[in-house]
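Architecture at a glance
One letter stands for each residue in the lines below.
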Amino acid sequence: MIKCFPALLLLLFFECKAQTPAVETSLFSNSHQLVLVLSPSEKSTTATLWRFDKKGKKWRQKGDEHPVNLGWTGLAWGRGLHDAQSGYQKHEGDGKAPAGIFRFGTAFGYASASEVSFKIDYLQVDTSQICVDDTASRYYNQIVDESTVTKDWKSKEYMQREDWLYKWGIYVEHNVPAEVGGGSCIFFHLWRKEGSATAGCTAMTEENLLELMHWLDPAKKPLLVQLVESEYEAFQRKYGLPEL
């Protein structure tokens, strides 16, 4: 009886452990800033954005949540840091914003670098900067200065726009490195007005976007989690994300 007792305890331990969902913390272990965007449905063109700082192992909300606009056909699974998900996958020209977990790339805007004080990398864009959305181009899903590279694209998007929607923006690292047809030129940028859908980006007021751009700190490894609300609980449990 004495010899069997430890073995029985060990068996019970492993049975209990197997029944307890594991929390995948490695992806967020070094991340101390989280931008969370939740949409009420996969076809919704609007969502809500929260910001969180991590203190120790606990996420704490930073500031107030606020509305954002999404793609004109809603959300679809993008290519990011998350595991592959079943369901509709984002592709070029589908009008959907990417769902999943992503890093932020460089910030950009019309102001000169001397006029801003962001911690994140910043690129002043002018009439030479474009984002290439031609899937056949070697520069697909990249912002380039078209005056310094050999043109191999048939379609592009100018980064200095007459409507000033890119007066301020942040590149979202969706489909990086680029897979042909996986979607391109995904940004956080200014909205036209509340409820006005985008071509696949996430848009908001100038006040809210500037607050976000000043807050983001590369040293804190910020991550974006953008999802339909119904998917959040599974991600929250798996990655130890904040409860809402």
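Residues numbered from 1 in each chain as written. Predicted model: local features only at pLDDT ≥ 70, side-chain atom pairs only at ≥ 80, totals over all residues. Heavy atoms only, no water.

1. Quick notes on the overall build of the protein
Helices and strands together make up the secondary structure of the protein, namely three helices and 14 strands. A total of 244 residues make up the protein; the buried ones form 45% of that total. In the protein, the proportion of contacts linking residues at least 24 apart, taken out of those at least 6 apart, comes to 60%. Accessible area of the protein: about 13100 Å², with a carbon and sulfur share of 52%. (Helix = DSSP H or I, 4+ residues; strand = E, 2+ residues; numbered from the N terminus. Buried < 20%, exposed > 50% of the residue type's maximum accessible area, 1.4 Å probe, protein only. Contact = heavy atoms within 4.5 Å. Areas by Shrake-Rupley, 256 points an atom, 1.4 Å probe, with all protein chains shown as cover.)

2. What about the side chain of serine 39?
Locating serine 39 in the fold gives a position in strand S1 (residues 33–39). Given the relative accessible area of 1%, serine 39 is considered buried. One polar contact links the side chain of serine 39 to the main-chain carbonyl oxygen of serine 41, over a distance of 2.8 Å. Excluding residues that lie within four positions of it along the chain, serine 39 makes contacts with Ser44, Thr46, Ala47, Leu70, Leu75, Leu227, Val228 and Glu229. (Polar contact = N/O pair within 3.5 Å; in protein donor to acceptor, adjacent residues only side chain to side chain.)

3. Topic: the nonpolar core
Judged by nonpolar contacts, the single largest core of 47 residues is most densely connected at Phe28, Val35, Phe188 and Leu209. Looking at this core element by element, the count peaks at six residues for strand S6 (residues 97–109). Every residue in contact with leucine 209, bar those within four places of it in the chain, is listed here: Trp168, Gly169, Ile170, Phe188, His189, Leu190 and Met204. Judged by nonpolar contacts, the second largest core, of 11 residues, contains Tyr166, Cys185, Phe187 and Cys201. (Core = buried A, V, L, I, M, F, W, Y, C linked by side-chain atoms within 4.5 Å.)

4. Things to note about the confidence of the model for the protein
When pLDDT is averaged along the protein, the result is 91, and 90% of the positions lie at 70 or above. pLDDT under 50 marks residues 1–23. Its contacts with residues more than four places away, or in other chains, come to six contacts. (pLDDT = per-residue confidence, 0-100.)

5. Side note on the pattern of salt bridges
In a structure, side chains of opposite charge can pair up when their charged atoms sit close to one another. The full count for this structure, using the stated rule, is 11 salt bridges. Notably, a salt bridge pairs arginine 79 with glutamate 179, separated by 3.6 Å at the nearest N-O pair. Of the two residues, arginine 79 sits in the loop between strand S5 (75–77) and S6 while glutamate 179 sits in the loop between strand S11 (168–172) and strand S12 (187–190), which places them 100 residues apart along the sequence. For arginine 79, a relative accessible area of 32% translates into the label partly exposed. According to the relative accessible area criterion, glutamate 179 is partly exposed, its value standing at 43%. Salt-bridge contacts for arginine 237 lead to glutamate 233; the nearest nitrogen and oxygen are separated by 2.7 Å. Separated by four residues within a single helix, arginine 237 and glutamate 233 lie in helix H3 (residues 229–239), roughly one turn from each other. If you follow the salt bridges from partner to partner, you end up with Glu157, Arg161, Asp163 and Arg192 in one network. (Salt bridge = Lys/Arg side-chain N within 4 Å of Asp/Glu carboxyl O.)

6. Details of the sheet that holds strand S10 (residues 156–158)
Backbone-to-backbone hydrogen bonds join strands into a sheet, with any given pair of strands oriented parallel or antiparallel. Pairing in this open sheet of three strands is antiparallel, and the strands run S9-S8-S10 from one edge to the other. With partners counted over all chains shown, the strands left at the sheet margins are strand S9 (143–145) and S10, one partner each. Direction aside, neighbouring strands of the sheet carry axes that sit 40° apart on average. Of the strand pairs in this sheet, strand S8 (residues 129–132) and S9 are connected by three bridges, and their pairing is antiparallel. Within S9, the position partnered with isoleucine 130 by the bridge is valine 144. (Pairing = 2+ DSSP bridges. Axes fitted to C-alpha atoms, helices over the stretch in contact; angles between N-to-C directions.)

7. What to know about the packing of aromatic side chains
Across all of its chains, the model carries 12 aromatic pairs by this definition. Relative to tyrosine 122, the ring of phenylalanine 118 lies with its centre 5.7 Å away and its plane at 55°, an arrangement referred to as tilted. Over the ring of tyrosine 88 we find lysine 96, and its NZ or CZ is 5.3 Å from the ring centre. (Phe/Tyr/Trp six-rings, centres within 6.5 Å; stacked < 30°, edge-to-face > 60°. Lys NZ or Arg CZ within 6 Å of the ring centre and 35° of its normal.)

8. Describing unusual backbone geometry
The peptide bond linking valine 176 to proline 177 adopts the cis configuration, its omega dihedral lying at -5°. Tracing the chain through its elements places proline 177 in the loop between S11 and S12. Non-glycine residue tryptophan 164 carries a positive phi angle of around 65°. Here tryptophan 164 is to be found in the loop between S10 and S11. You can call tryptophan 164 partly exposed: its relative accessible area is 46%.

9. Quick look at the state of the cysteines
Each disulfide is one covalent bond, formed between the sulfur atoms of two cysteines. The full count for this structure, using the stated rule, is one disulfide. For cysteine 131, the disulfide goes to cysteine 185, at an S-S distance of 2.2 Å. The sign of the -100° torsion about the S-S bond sets the cysteine 131-cysteine 185 disulfide as left-handed. Here cysteine 131, found in strand S8, pairs with cysteine 185, found in the loop between S11 and S12; they are 54 residues apart in sequence, far enough to count as distant. (Disulfide = S-S within 2.5 Å.)

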